[in-house]
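Chain by chain, the residues run as shown.
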Amino acid sequence: MAMFKIAVIPGDGIGPEVTESTCEVLRAVSEKSGHGFSFTEVMAGGIAIDTCGEPLPAETLKTCKESDAVLLGAVGGPKWDALPGNKRPEAALLGLRKGLGLFANLRLAILFPELKSSSPLRPDLVENGVDILIVRELTGGIYFGKRGLAPSEECLEDGTPKGMEAFDIETYSEAEIERILRVGFNSAMQRKKSLTVVDKANILETSRLWRKVTERIAPEYPEVSYEFMYVDNASMQLLRRPASLDVIVTSNMFGDILSDEAGMITGSIGMLPSASLGAPGKPGMYEPVHGSAPDIAGKGIANPLATILSAALMLRYSLGLPEEGIKIEKAVADVLSKGYRTADIVLSGETDILSTKEMTEKVIEAYRAL
Ligand code: IPM
Ligand code: MG
């Protein structure tokens, strides 16, 4: 029986509530499977700014590096919105991604059959379900490129002085592109063997390099059929024919945008898990796709399922316990099919709304019964 070290970053907003729920579920996994989990809580985000004066204390990163996996709730909130970029709670996320070398972000957009009617798309577009995996590059591109802000000496064509001028540079190296594309191809191999590489190659030099690298390595995955798609078209196809997309691999910025869109298509962004992975053997980080939802924080009504499903991914990718991960996913599907809902996923006509704690208990019950 193994003993796993898990760093827990509750963070801000509903983060503490959903991570607490998820640790409860992992305790149930421990009881049933005999594997041990030790949880070390560390700070990041707004709460770390308030307590230690910085969004990502060195101690936090150190603890995460020494763990087998990291469970993160959410960071950010209006309270810290006025702070400069590198002092904001979001800087903690970027610091964790870079510091842990988490270059591959896997975001699932799954339409649970029970929640079909929550999709904002026409029923005929989603009747066969939606199950899209977005593989987002996470430690490069415009998020980590050179940036600056300075007064400009120049004027517009009509003589208006430009005033302040800012820039953010998108940079990608062949090696960075290759390693994320390989995650895309390998994910496609485990699914429907279909890969969509999303870019803006009609404009961006970085995108043209993505295409070149794709064509170079694609012959190593002869079973995978791949296509290139411009990001504007991809955002349209996600709405037009979501069921025909399977694995999408793309840059940091495009992945950020498309994953919110894909999440919304499922109608329940409160349900979507994510995994951020680095080199094999290094700790991965697992977090819900939804944010800190400050408007409902502390009320005990947040949907814990996205974080619980993120823990299922953790069991699979970082802890080598895929069977337990599958059981957690089954338990979540079970509670949904029995009609248990938190406020965010309640359908019209349903009146019995569960709190975060009640939903967690239902999942644990369903898991124990498997
Ligand atoms: C996400 C979020 C983050 C990102 C923010 C909070 C920095 O939107 O994880 O998608 O842009 O990566
Ligand atoms: Mg985002």
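Relevant structure appears above.
Rules behind the numbers
Residues numbered from 1 in each chain as written. Chains lettered and ligands numbered in written order. Predicted model: local features only at pLDDT ≥ 70, side-chain atom pairs only at ≥ 80, totals over all residues. Heavy atoms only, no water. Helix = DSSP H or I, 4+ residues; strand = E, 2+ residues; numbered from the N terminus. Expected span 1.5 Å × (residues − 1). Buried < 20%, exposed > 50% of the residue type's maximum accessible area, 1.4 Å probe, protein only. Arc of directions from axis to C-beta. Contact = heavy atoms within 4.5 Å. Near = heavy atom within 4 Å. Polar contact = N/O pair within 3.5 Å; in protein donor to acceptor, adjacent residues only side chain to side chain. Areas by Shrake-Rupley, 256 points an atom, 1.4 Å probe, with all protein chains shown as cover. Nonpolar A, V, L, I, M, F, W, Y, C, P; charged D, E, K, R; others polar. Salt bridge = Lys/Arg side-chain N within 4 Å of Asp/Glu carboxyl O. Patch = residues over 30% accessible without salt bridge, like charges linked within 9 Å, V, L, I, M, F, W, Y side chains within 5 Å. Lys, Arg positive; Asp, Glu negative; His and termini not counted. Charge placed at Lys NZ, Arg CZ, Asp CG, Glu CD. Axes fitted to C-alpha atoms, helices over the stretch in contact; angles between N-to-C directions. Parallel < 35°, antiparallel > 145°, perpendicular 65-115°, else oblique. Left-handed = near helix turned anticlockwise from the far one by under 90°. Phe/Tyr/Trp six-rings, centres within 6.5 Å; stacked < 30°, edge-to-face > 60°. Core = buried A, V, L, I, M, F, W, Y, C linked by side-chain atoms within 4.5 Å. 1 Å grid on protein atoms, 1.4 Å probe; cavity = no way out; pocket = protein on both sides within 12 Å on 5 of 7 lines; lining within 4 Å. Points joined across faces, edges and corners; volume = space filled by probe spheres on them.

(A) Fine view of helix H12 (residues 356-368). With 13 residues, H12 extends 18 Å between its outermost C-alpha atoms, agreeing within 8% with the 18 Å of an ideal straight helix rising 1.5 Å per residue. Those residues of H12 that fall on the buried side of the exposure criterion are Thr-356, Met-359, Thr-360, Val-363, Ile-364, Ala-366 and Tyr-367. Seen from one end, H12 has its buried residues packed into an arc of 165 degrees, which puts them on one side. For H12, exposure combined with an orientation more than 90 degrees from the buried face picks out Lys-357 and Glu-365. Against the buried residues of H12 lie helix H1 (15-33), helix H10 (305-317), helix H11 (322-337), strand S13 (341-342) and strand S14 (353-354).

(B) Examining the site of ligand 1 more closely. Close contacts around ligand 1 come from Glu-90, Leu-93, Arg-97, Arg-107, Arg-136, Tyr-143 and Asp-256, and that covers them all. Between ligand 1 and Tyr-143 there is a distance of 2.5 Å, counted from an oxygen atom to a side-chain nitrogen or oxygen. In isolation ligand 1 exposes 320 Å². Once the protein is present, 73% of that is buried. For the shell around ligand 1, the leading source of residues is helix H4 (residues 90-99), giving 3 residues. The residue inventory of the shell around ligand 1, partitioned by class, reads 2 nonpolar, no polar and 5 charged.

(C) Spotlight on the pattern of salt bridges. Going through the model one piece at a time under the given rule, you end up with 24 salt bridges. Two residues, Lys-200 and Asp-232, come together in a salt bridge whose shortest N-O distance is 3.1 Å. Of this pair, Lys-200 sits in the loop between strand S8 (194-199) and helix H7 (205-217) while Asp-232 sits in helix H8 (residues 231-240), placing them 32 residues apart in sequence. For Asp-232, a relative accessible area of 43% puts it in the partly exposed group. With a shortest N-O distance of 3.1 Å, Glu-205 and Arg-208 are connected by a salt bridge.

(D) Inspection of a negative patch on the surface at higher detail. On the surface, a cluster of negative charge is made up of Asp-352, Glu-358, Glu-361 and Glu-365. Within the fold, Asp-352 resides in the loop between S13 and S14.

(E) Up close: the packing of H1 against H11. At a minimum axis separation of 11 Å, H1 and H11 run at an interaxial angle of 125 degrees. One way to sum up the angle between H1 and H11 is to call them oblique. Helix-helix and strand crossings are classified by hand; for H1 and H11 the assignment is right-handed. On H11, the residues touching Val-25, Val-29, Lys-32 and Ser-33 of H1 are Glu-324, Lys-327 and Ile-328.

(F) Molecular detail of the packing of aromatic side chains. Taken as a whole and judged by the stated rule, the model has 5 aromatic pairs. With a centroid separation of 5.6 Å and an interplanar angle of 75 degrees, the aromatic rings of Tyr-226 and Phe-228 are classed as edge-to-face. The class of Tyr-226 is partly exposed, set by a relative accessible area of 31%. With relative accessibility at 23%, the residue Phe-228 sits in the partly exposed group. Following the ring pairs from residue to residue traces out a cluster consisting of Phe-185, Tyr-221, Tyr-226 and Phe-228.

(G) Representation of the nonpolar core. Formed by 64 residues in total, the largest nonpolar core has its most connected members in Phe-37, Met-271, Leu-305 and Leu-319. Ranked by the residues each element gives to this core, the list is headed by H10, at 8 residues. Apart from the residues lying within four places of it in its own chain, the contact partners of Met-271 are Phe-112, Leu-115, Asn-303, Leu-305, Ala-306, Leu-309, Val-332, Leu-336 and Ile-345. One finds Leu-111, Val-130, Ile-134 and Leu-238 within the second-largest nonpolar core, a separate group that totals 18 residues.

(H) Molecular detail of helix H9 (residues 252-265). In this model H9 runs 20 Å from its N-terminal to its C-terminal C-alpha over 14 residues, within 8% of the 20 Å that 1.5 Å per residue would give. Along H9, the positions that sit buried rather than exposed are Asn-252, Phe-254, Gly-255, Leu-258, Ser-259, Glu-261, Ala-262, Gly-263 and Ile-265. On the buried face of H9, the contacting elements are strand S4 (104-110), strand S5 (131-137), S8, H7, H8 and strand S10 (247-250). Gly-267 sits one or two residues past H9 and shows a positive phi near 80 degrees.

(I) Local environment of empty space enclosed by the protein. Scanning all chains against the criterion turns up 1 cavity of 30 Å³ or more. Its boundaries defined by the atoms lining it, the largest cavity holds a volume of some 50 Å³. Lining the largest cavity are Glu-170, Val-198, Asp-199, Leu-204, Thr-206, Ser-207, Trp-210, Ser-251 and Phe-254. Elements with a contribution of two residues or more to the lining of the largest cavity: S8 and H7. With 3 residues, the top contributor of residues to the lining of the largest cavity is H7.

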